[in-house]
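Geometric and topological summary
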Amino acid sequence: MIIGGGLGGLVSGALLAKEGVRVTIVEKNPVVGGGLMSFSRFGRVFDTGMHVVGGLNPGWNMHRLFSYLGVIDRFETEPMPLNCTDSVYVAEDAATYNIAATAEGFIASLSQYFPHQHANLVNYVDAIGRIASQMPFFFLHSLRELPREYCDEFNMPVERFIAKYITDPKLQAVLSYINMFYAGRANCTPAYQHAIISTIYLGGQARFVGGSHHLARALSDVVTSNGGTVVTGQCVERLITHDGRITAVETADGSRYEADCFVSDIAPDALLGMLDNPRVMPKAYRKRVGALKHSGSAFTLNIALRKSSFAYLPHTGYFMARYSDVWNHGHADNWPSGFLYMTPPVENQGQWAEKMMVTVPMDWSMVEKWKDTTVGHRGDDYKQWKRQCADTVLGCLESVFPGFGNTIEAIDTASPLTIRDYVGYTYGSMAGFMKDYQSVSMSMMSTRTKVPNLFLTGQNIHLHGFCGVSLTAIRTCEAILGMDTIINKLNRYE
């Protein structure tokens, strides 16, 4: 029984079903997908999340996973050009930095802007690889290969790690642009999180063509074609316990589902609140989960563009207001200090873009006053606030693309409240629990719980994001089926 049909629940369900387990997935929304969900606005399809994905090149971890599941041909992605996968614009001095993929391309592209840092960039990229190599599961190696101890840089604060190799303050800030993908914070986020994300994108990035929901449907089909069931539109509200184990779940409409084993793809703190007897979890465990902090959320603009008005961008764009703000994205006092934008591809993508998606880091505190409202009933002041936020972001985009406002046909906006209510992330968190270099073991959840037949998966466990959540799902399944059960099979695929 899997509670929640996000990416973690779907990959876990597909893997278990393929291994002969009878799986039932129960999802609260009308469709499965979570961060993979797509929706239609103004005649365009927009994705809820998962805008940029890595690991899909042949031989890489996600390509092996989806090849094994038989869905690699069920969804289409467009690789980004290796010579410019990311373009960073800094408003402070109107500078643009075009960044290439692959280790060699990355070093060469940034050395054009910072020639005096070439040797430092070489050492920096080597250090990223060294840290990533200490996470063998990322490369689909057995958990038996985990190092007995990690290198000193592994848990170093990320900004200190970058500064160890890079002496130019501007380049330090530019190298930090990807913290928008992991909600990084100075003197908090450990270097390994930055290294893993960097490794993924150095290997080549891609974007879903026509919507990420195609992958969600394909994974759901793996479950049902192997005898499983996918139930949508039912929200699990209670976990029934007996003799220290979970025996069943109950949904809001009174339905009851029994099983031998349960996997939760929802936030651990929300899960604990559903237990009919919280004491099946030790007090120390409950206290630890309650003390974990969620990462930041985001404000999103989904923009329909006028026909033949804005050129399609084959890369991802990043806006930064100032070099000094790179670790303060999302704070109310300087919002927006940075954001990412892209023009997602459609089938038969041509010269002109049909839409743009803008994701702006935003702290939950900015929507706290409306936390007890529901979708469609937040009031006129909320609507006015969203319009003001959108206008502020559009003003920033005008500095990157003068005249951009003339290309807009219509705009739909979403706040951290939207993410919380539709996707189910606590506080709209986009990167799971915050990882703290001072207590990495405490902020890294295990797929196992103190209840022997209850397991965890999803963005709050181990790593977040497209690659991280999928890898966590493999670990969840191996906790149930046995170590290396899945890994050995995935490594037969190249």
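Keep in mind that this is a model prediction, so the values were computed, not measured. (Residues numbered from 1 in each chain as written. Predicted model: local features only at pLDDT ≥ 70, side-chain atom pairs only at ≥ 80, totals over all residues. Heavy atoms only, no water.)

On to the sheet that holds strand β11 (residues 236-242), then. Strand order in the open sheet formed by 3 strands is β11-β12-β13, and the pairing between neighbours is antiparallel. Of all the strands in the sheet, just β11 and β13 (256-258) have a single pairing partner and so form its edges. Neighbour to neighbour, the strand axes of the sheet diverge by 25 degrees on average, direction disregarded. (Pairing = 2+ DSSP bridges. Helix = DSSP H or I, 4+ residues; strand = E, 2+ residues; numbered from the N terminus. Axes fitted to C-alpha atoms, helices over the stretch in contact; angles between N-to-C directions.)

Spatially, 5 strands are ordered β10-β2-β1-β14-β20 in an open sheet, and the strand pairing comes out parallel. The two strands at the open ends of the sheet, each matched to only one other strand, are β10 (229-231) and β20 (454-456). Taken together, the 2 bridges between strand β1 (residues 2-3) and strand β14 (residues 262-264) define a ladder with parallel strand orientation. Paired with I2 across the two strands is V263, which belongs to β14.

Next up on the list: the pattern of salt bridges. In the structure shown here, the tally under the stated rule is 17 salt bridges. Here R144 makes a salt bridge to D484, at a shortest N to O gap of 3.0 Å. One end of the pair, R144, is in the loop between α4 (118-132) and α5 (158-165); the other, D484, is in the loop between α14 (465-481) and α15 (487-490), and 340 residues separate them in sequence. Given the relative accessible area of 61%, R144 is considered exposed. Between R238 and E250 there is a salt bridge, with the nearest N and O atoms lying 3.4 Å from each other. (Salt bridge = Lys/Arg side-chain N within 4 Å of Asp/Glu carboxyl O. Buried < 20%, exposed > 50% of the residue type's maximum accessible area, 1.4 Å probe, protein only.)

Bringing unusual backbone geometry into the picture now. The peptide bond linking W335 to P336 adopts the cis configuration, its omega dihedral lying at -5 degrees. Considering the arrangement of structural elements, one finds P336 in the loop between β16 (316-320) and β17 (338-342). Residue S308 is not a glycine yet carries a positive backbone phi of 55 degrees. Tracing the sequence through the fold places S308 in the loop between β15 (297-305) and β16. A residue is classified by how much of its surface remains accessible, and S308, at 41% relative accessible area, is partly exposed. Of note, the phi angle at Y427 is positive, near 55 degrees, even though the residue is not glycine. Here Y427 lies in the loop between α12 (416-423) and α13 (440-443). Overall, Y427 belongs to the partly exposed group, its relative accessible area being 43%.

Among the nonpolar cores identified, the biggest contains 98 residues, and F66, Y124, F161, L219 and I474 are the most heavily contacted of them. Core analysis: the next-biggest nonpolar cluster, separate from the first, contains 35 residues, L394, V400, F404 and I408 among them. (Core = buried A, V, L, I, M, F, W, Y, C linked by side-chain atoms within 4.5 Å.)

So, about empty space enclosed by the protein. Scanning the entire structure with this criterion turns up 4 cavities of 30 Å³ or more. In terms of lining residues, the largest cavity is bounded by 16 residues, among which F106, Y177, I178, S198 and L202 are the most central. Counting residues per element, the ones that place at least two in the lining of the largest cavity are α4 and α7 (191-202). If you tally residues by element for the lining of the largest cavity, the top one is α7, at 4 residues. Residues belonging to the lining of the largest cavity are distributed by class as follows: 11 nonpolar, 4 polar and 1 charged. When its volume is computed, the second largest cavity comes out at roughly 50 Å³. Forming the walls of the second largest cavity are Y182, A183, G184, T189, Q193, S295, A431, F433, M434 and K435. Tallied by class, residues from the lining of the second largest cavity come to 5 nonpolar, 4 polar and 1 charged. (1 Å grid on protein atoms, 1.4 Å probe; cavity = no way out; pocket = protein on both sides within 12 Å on 5 of 7 lines; lining within 4 Å. Points joined across faces, edges and corners; volume = space filled by probe spheres on them. Nonpolar A, V, L, I, M, F, W, Y, C, P; charged D, E, K, R; others polar.)

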